[in-house]
Structures are given as C-alpha cells and as structure tokens.
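Fold and geometry: a report
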Amino acid sequence: GQSLEQPSEVTAVEGAIVQINCTYQTSGFYGLSWYQQHDGGAPTFLSYNALDGLEETGRFSSFLSRSDSYGYLLLQELQMKDSASYFCAVQNYGGATNKLIFGTGTLLAVQP
Amino acid sequence: EAGVAQSPRYKIIEKRQSVAFWCNPISGHATLYWYQQILGQGPKLLIQFQNNGVVDDSQLPKDRFSAERLKGVDSTLKIQPAKLEDSAVYLCASSFGTSGYEQYFGPGTRLTVT
C-alpha cells in the first residue's frame, strides 16, 4: 500500500525556524512535492525534490533522502502569514503518467 | 496569466440530488486533475485527464461520479446521486506537462450535502 506520515500540528514563534517532517511508503516513487494551503484557500506549490539533498527557495527549503523514504520542509524567519497547512505529496509513477498522493497535512501556527 | 477557474464556489444540495462542477484550467495546460478534499485531510485524486483522455480514474466512485473533458480544455465533474459523505471541497488543478509535481489549483467548490 501507500502511506505518508507527517505531524498533525506544529507551533512556532515569529522569526524562528521550523521543520515539518514527512515519511512515506510507496511503490513507484518519483519525487516529493510540498504544498501550502491557507484556511479556505487553494493549495499552492512550494518545492520539489527528485534527488537526495536540499533544495532552497527563499525562506523555504526542502530535503529528501530516498534511502530513508524521508523528507522535510524547512521554513526560516517565520512570519505570521506562514500560518497554514503544509502537505507533502509523493509523485508516484503509475505507468502512463505521474500522479500526486497527498499526506494528511501539518497545521502550522505561528505565534507572535 | 489567468489561474484555474472553478464554479460554483459553494453548493448546498440534499442527498440523492445531483450536482455538477465546472473547471477551466490554465491555458496550454494539457493535464487536468479533480481532487476531493474532506475537512482535515489532504486532497485525494479522483480523476486525471491528459488532454481529453482519462489516464487515471482509479479512485473515482464510478457508480455516482462522472467527469468529462471535452475538446481537451474545460472539464465537468458530476455527482448523481449525492450522499452525505460527499460533503467536501472539490478542487480542480492543472499542470503543463505530465510530470505533475507542480500543479496549479483552482479555488475549489465547497459542497454540502444535507
């Protein structure tokens, strides 16, 4: 079967650094994407890793270890606007095409 | 560049009624996805189109859900008859190619079945 695990909630203070972990079990793994979703809003793409290592995009970085079936999203210099749900999503090769399988999400609360 | 458009934004129906959602993807995006997102969960893929052909509908409850993408552009998702457990946000997304790791989502339709 396929499964993704991430913490349900994380709390941090403004200006701090927070790491959201994601572990997965899947066949046909291709890569790991991260999405942000504000309450009542649409998911928006943040980052993607297909190879092991760290990808940096401004204040956000994402890491992947294929051998450990593990990845994380690192948010630096937290701002109040970063309060949202964060989803890891496995890019799964299904024969004809790739599809995303989303985790259950981590609700990040940034406090002043 | 215009984003993914969806309508309606909200819909309230009674169980056993039917409902339809419409999606217009970003211009030039060949791949279109319909997701169901139940409160507190991640989006769950219902169906994926490549141009106007279905490439994955393994999680679509085909006894009540149907979808089409005529002419490879906009798409319609229908539920008939609706059940209480269909209450969710229905998200449409599109991507330029087939890799699918970066998808652009519409605002969604919040469906309440009473």
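This one's a predicted model, so the numbers in the text were calculated from it and none came from an experiment.

Looking now at the overall build of chain B. On a plain count of helices and strands, chain B comes out with zero helices and 11 strands. When its helices and strands are written in sequence order, chain B yields β-β-β-β-β-β-β-β-β-β-β. Its C-alpha radius of gyration of 13 Å places chain B within 12% of the 13 Å reference for a compact globule of 114 residues. By principal-axis analysis of the C-alpha atoms, chain B measures approximately 40 × 25 × 25 Å. Burial analysis of chain B (114 residues in total) assigns 46% to the buried set. A separation of at least 24 residues holds for 53% of the contacts in chain B among residues at least 6 apart in sequence.

Right, let's get into the overall build of chain A. Per the secondary structure count, chain A includes zero helices and 11 strands. Along chain A, helices and strands appear, N-terminal first, in the series β-β-β-β-β-β-β-β-β-β-β. For chain A, the spread of C-alpha atoms along the principal axes amounts to about 45 × 30 × 20 Å. Within chain A, residue pairs in contact and separated by at least 24 positions form 56% of the contacts whose partners lie at least 6 positions apart.

Further remarks concern the pattern of salt bridges. Residue and element names in this part refer to chain B. Scanning the model with the defined rule gives four salt bridges over all chains in all. Note that Asp-86 is salt-bridged to Arg-64, the shortest N-O span being 2.5 Å. Taken together, the residues span a long stretch of sequence, with Asp-86 in the loop between β8 (75-79) and β9 (88-95) and Arg-64 in the loop between β6 (53-56) and β7 (65-68) at a distance of 22 residues.

Side chains on a regular strand alternate between the two faces of the sheet. All names here are of chain B. Judged from the three bridges that link them, strand β5 (residues 44-50) and β6 form a sheet pairing that is antiparallel. Along β6, the bridge assignment pairs Phe-49 with Val-54. Taking the residues that link successive antiparallel strands as the turn, the β5-β6 hairpin has two residues, and the phi of Asn-51 there is positive, at about 55 degrees.

Another aspect to go through is the sheet that holds strand β3 (residues 19-24) of chain B. Residue and element names in this part refer to chain B. An order of β1-β3-β8-β7 is seen for the four strands of this open sheet, with the pairing classed as antiparallel. Taken across any chain shown, the strands that pair with only one partner, and hence form the sheet edges, are β1 (5-7) and β7. Going across the sheet, the axis of each strand differs from the next one's by a mean of 15 degrees, ignoring polarity. As paired strands, β1 and β3 are joined by three bridges and run antiparallel to one another. From the neighbouring strand, Gln-6 faces β3, where its bridge partner is Cys-23.

Let's shift gears to the interface of chain B and chain A. Taken residue by residue, the interface counts 21 residues in chain B and 16 residues in chain A. Together, the buried faces of chain B and chain A total about 1600 Å²; carbon and sulfur atoms form 55% of this surface. Where chain B meets chain A, there are one salt bridge. Close ionic contact of Lys99(A) with Asp56(B) constitutes a salt bridge, the shortest N to O distance being 3.0 Å.

Residue and element names in this part refer to chain A. The five strands are arranged β1-β3-β8-β7-β6 in an open sheet whose pairing can be described as antiparallel. Looking at strand neighbours, the two that pair on one side only are β1 (3-5) and β6 (53-57), the edges of this open sheet. Geometrically, the sheet is characterised by an average inter-axis angle of 15 degrees between neighbouring strands, direction not taken into account. Both β1 and strand β3 (residues 18-25) contribute to a ladder of three bridges, which runs antiparallel.

About the thresholds
Residues numbered from 1 in each chain as written. Chains lettered and ligands numbered in written order. Predicted model: local features only at pLDDT ≥ 70, side-chain atom pairs only at ≥ 80, totals over all residues. Heavy atoms only, no water. Helix = DSSP H or I, 4+ residues; strand = E, 2+ residues; numbered from the N terminus. Rg over C-alpha atoms; globule rule 2.2 N^0.38 Å. Buried < 20%, exposed > 50% of the residue type's maximum accessible area, 1.4 Å probe, protein only. Contact = heavy atoms within 4.5 Å. Salt bridge = Lys/Arg side-chain N within 4 Å of Asp/Glu carboxyl O. Pairing = 2+ DSSP bridges. Axes fitted to C-alpha atoms, helices over the stretch in contact; angles between N-to-C directions. Buried area = accessible area lost by both parts, 1.4 Å probe.

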